[in-house]
Amino acid sequence: RQQSHGFYHPKAKHIIGEDFKIISEIFHDNEYLTFQANGNWRVSPAYGYIKGFDRTIYKKEMNIGEVTQSFFEHMRTFKERDNFVWLTLMDVHHLINVIPDISNQKVNSTSAHRVTPWHEKNNNEKSVFVSSNKDLTEIYANEIKRVDYYLKSIYDFVENNYKDEEFIVSLVSDHGHAFLTNDQNPISIARTKVPWMIRGGDIPHQKSYELTENVDFFSSILKCSDITTENDSFDSICPKVLGGTEVRDFVISQSIYPGQTYKAI
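Source: prediction; values computed, not measured. (Residues numbered from 1 in each chain as written. Predicted model: local features only at pLDDT ≥ 70, side-chain atom pairs only at ≥ 80, totals over all residues. Heavy atoms only, no water.)

Bringing the overall build of the protein chain into the picture now. Within the protein chain one finds eight helices and seven strands. Relative to the compact-globule value of 18 Å for 265 residues, the protein chain shows a C-alpha radius of gyration of 19 Å, a close match. With respect to the principal axes defined by its C-alpha atoms, the protein chain has extents near 50 × 40 × 40 Å. Split into buried and exposed, the 265 residues of the protein chain put 36% on the buried side. Accessible area of the protein chain: about 16,200 Å², with a carbon and sulfur share of 51%. Averaged over its 29 positive side-chain charges, the protein chain has a centre that lies 7 Å from the centre of its 36 negative ones. (Helix = DSSP H or I, 4+ residues; strand = E, 2+ residues; numbered from the N terminus. Rg over C-alpha atoms; globule rule 2.2 N^0.38 Å. Buried < 20%, exposed > 50% of the residue type's maximum accessible area, 1.4 Å probe, protein only. Areas by Shrake-Rupley, 256 points an atom, 1.4 Å probe, with all protein chains shown as cover. Lys, Arg positive; Asp, Glu negative; His and termini not counted. Charge placed at Lys NZ, Arg CZ, Asp CG, Glu CD.)

Shown next as structure tokens:
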């Protein structure tokens, strides 16, 4: 949570993990080969997110094609090692190249091709504050399908080279999109409620509706990987469906941004 990691200002010189170990460091200490392919400017080496990674490929707004290629090059080289791999996918966060790639140009409607002027006009507007927009919604849906197309190659590689008990794959997002709804409350359900998908190991095949926060990814991945830490004073809780012992009665979503009022729900 923000109260613990202290990140809130887009121009401040924050450093992650100054007095605690981040997840890459924990996996590295447990003799995993750690690798990240990352294009998120807020998860950059300058913020300390290079800590614990044996290999980092960083390029601002790296697209899904580049991320996938980086994954395969790494895994072809180090397939026999125990790997912890972190891939950041920015394609569905916003229009990385303004104009969608050719495969989506083909399927998008005519009006969804007219987003360039909108993008130039609203370039400084945070994605969680964008008004409802049917064209952006259409582009978003098609971008998800495009990303899934690339992700399938990663899933196929994992399934073809490892048994279920030998891997854990998790998909998690930080927030939803404002343009999907008419509700312009910055902490509305469309912005704060996101799915979390995880498979592998001894994880049961089922849907769970336990309340979780994004930070719960941390303790859950460690628990499913049979990794323990000396420090247990973090905010993360492993849900019961993944072998945890606690159940959240409620979760907190908050908006902390310079020049704006604090909001929480």
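What follows covers the environment of Ser4. Positionally, Ser4 belongs in helix α1 (residues 2-5). A residue is classified by how much of its surface remains accessible, and Ser4, at 48% relative accessible area, is partly exposed. In this structure the C-alpha to C-alpha distance between Ser4 and Ile139, which are 135 residues apart in sequence, comes to 35 Å.

Along an α-helix, residues three or four positions apart point the same way, because every turn accommodates 3.6 residues. Most of helix α8 (residues 216-224) is tucked away: eight of the nine residues are buried. Those residues of α8 that are buried are in contact with α2 (23-29), β3 (83-87), β4 (168-172) and β5 (196-200). Of the residues one or two after α8, Asp226 is the one with positive phi, at around 60°. (Contact = heavy atoms within 4.5 Å.)

Next up on the list: the packing of helix α3 (residues 64-77) against helix α6 (residues 134-161). For the pair α3 and α6, interaxial distance at closest approach is 10 Å and the crossing angle is 5°. In terms of their interaxial angle, α3 and α6 are classed as roughly parallel. Residues Ile64, Gly65, Thr68, Phe71, Phe72 and Met75 of α3 lie in contact with α6, whose contacting residues are Arg146, Val147, Tyr150, Ser153, Ile154 and Phe157. Its residues assigned to classes, the contact of α3 with α6 comprises eight nonpolar, three polar and one charged. (Axes fitted to C-alpha atoms, helices over the stretch in contact; angles between N-to-C directions. Parallel < 35°, antiparallel > 145°, perpendicular 65-115°, else oblique. Nonpolar A, V, L, I, M, F, W, Y, C, P; charged D, E, K, R; others polar.)

For Gln36, the position within the fold is in strand β1 (residues 33-38). Polar side-chain contacts of Gln36 include one of 3.3 Å to the side chain of Thr56. Beyond its immediate chain neighbours, meaning those up to four positions away, Gln36 contacts Tyr49, Ile50, Phe53, Arg55, Thr56, Ile57 and Trp86. (Polar contact = N/O pair within 3.5 Å; in protein donor to acceptor, adjacent residues only side chain to side chain.)

There is a patch of like negative charges on the surface, built from Glu165, Glu166, Asp202 and Asp226. Residue position: Glu165 is located in the loop between α6 and β4. (Patch = residues over 30% accessible without salt bridge, like charges linked within 9 Å, V, L, I, M, F, W, Y side chains within 5 Å. Salt bridge = Lys/Arg side-chain N within 4 Å of Asp/Glu carboxyl O.)

Compared with an ideal rise of 1.5 Å per residue, which puts 14 residues at 20 Å, α3 spans 20 Å between its outermost C-alpha atoms and is within 8% of the ideal. Taken together, the buried positions of α3 are occupied by Ile64, Val67, Thr68, Ser70, Phe71, His74 and Met75. In an axial view of α3, the angular spread of the buried residues amounts to 160°, which keeps them on one side of the axis. Facing away from the buried side of α3, by more than 90 degrees, are the exposed residues Gln69, Arg76 and Thr77. Residues of α3 that are buried sit in contact with β1, β2 (55-58), β3 and α6. (Expected span 1.5 Å × (residues − 1). Arc of directions from axis to C-beta.)

Moving on, we come to the pattern of salt bridges. With the rule as written, the count across this model stands at 10 salt bridges. Linking Asp135 and Lys134 is a salt bridge whose minimum nitrogen-to-oxygen distance equals 3.3 Å. When the shortest N-O distance is used, the salt bridge between Arg199 and Glu159 registers 2.7 Å. Here Arg199, found in strand β5, pairs with Glu159, found in helix α6; they are 40 residues apart in sequence, far enough to count as distant. A cluster of three or more residues bridged by salt bridges with shared partners is formed by Asp91, Asp101, Glu143 and Arg146.

Another point: the packing of aromatic side chains. If you walk through the whole model with that rule in mind, you get 10 aromatic pairs. Judged by centre distance (4.9 Å) and plane angle (85°), the ring pair of Phe27 and Tyr32 falls under edge-to-face. Tyr32 shares its class with Phe27; the two are buried. Its end group placed over the ring of Trp41, Arg42 keeps NZ or CZ at 5.8 Å from the ring centre. (Phe/Tyr/Trp six-rings, centres within 6.5 Å; stacked < 30°, edge-to-face > 60°. Lys NZ or Arg CZ within 6 Å of the ring centre and 35° of its normal.)

Attention now goes to unusual backbone geometry. Backbone geometry places Glu61, a non-glycine residue, at a positive phi of 60°. With respect to the helices, strands and loops of the structure, Glu61 is situated in the loop between β2 and α3. Positive phi outside glycine occurs at Asp226, with the angle close to 60°. Here Asp226 lies in the loop between α8 and β6 (254-255).

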